[in-house]
Amino acid sequence: MAMPKENLTGVETYLGRPWRNYSHVIFMESFLDGIVHPSGWVPWKKDHTVAETTKTVSYMEYGNWGPGADTSRRINWAGYSKGTDAKKAEEYTVDRFINGSQWVPKYITYKHGL
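All figures in this text were calculated on a predicted structure; none of them were measured in a lab.

Caption draft 1: Representation of the sheet that holds strand β2 (residues 58-62). Taken together, three strands build an open sheet; the order of strands is β1-β2-β3 and the sheet is parallel. Each edge of the open sheet carries a strand with a single partner, namely β1 (24-28) and β3 (80-82). If you compare each strand with its neighbour and ignore which way they point, the axes differ by 5° on average. Judged from the five bridges that link them, β1 and β2 form a sheet pairing that is parallel. Across the sheet, the residue bridging to I26 is M60, located in β2.

Here it is in structure tokens:
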């Protein structure tokens, strides 16, 4: 039996928020539902953006789809890139980022690259 979908209308949901310098986050090749806030990302304290932090983070989006994947209204931080190029996104795939082909059991199916 399928669980009923919870109504989350009005709930502010973000992809992430920087609380320290130099954090890295990428959402790639994922379905993003309409619950994702149009700005995508939010400062740690909503009413105070720390310029140094927004310059040093690396927040990226690549190849996502769905109603929450529209990047036209995303934040404008130096450390954010929408539509990251494939070469950059490839650095965060299972085989490149965590050397998955060396230790992930063969019976686990996953996409090795983009």
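Caption draft 2: Highlighting unusual backbone geometry. Phi at Y22 is positive, roughly 70°, even though this residue is not glycine. Turning to its location among the elements, Y22 is positioned in the segment before β1. Of the residues examined, Y22 reaches a relative accessible area of 60% and is grouped as exposed. Even without being glycine, E29 reaches a positive phi, approximately 50°. Note on placement: E29 falls in the loop between β1 and α1 (51-56). Classification of E29 by relative accessible area gives partly exposed; the value is 30%.

About the criteria used
- Residues numbered from 1 in each chain as written.
- Predicted model: local features only at pLDDT ≥ 70, side-chain atom pairs only at ≥ 80, totals over all residues.
- Heavy atoms only, no water.
- Pairing = 2+ DSSP bridges.
- Helix = DSSP H or I, 4+ residues; strand = E, 2+ residues; numbered from the N terminus.
- Axes fitted to C-alpha atoms, helices over the stretch in contact; angles between N-to-C directions.
- Buried < 20%, exposed > 50% of the residue type's maximum accessible area, 1.4 Å probe, protein only.

Remember, this is a structural readout, not a statement about activity or role.
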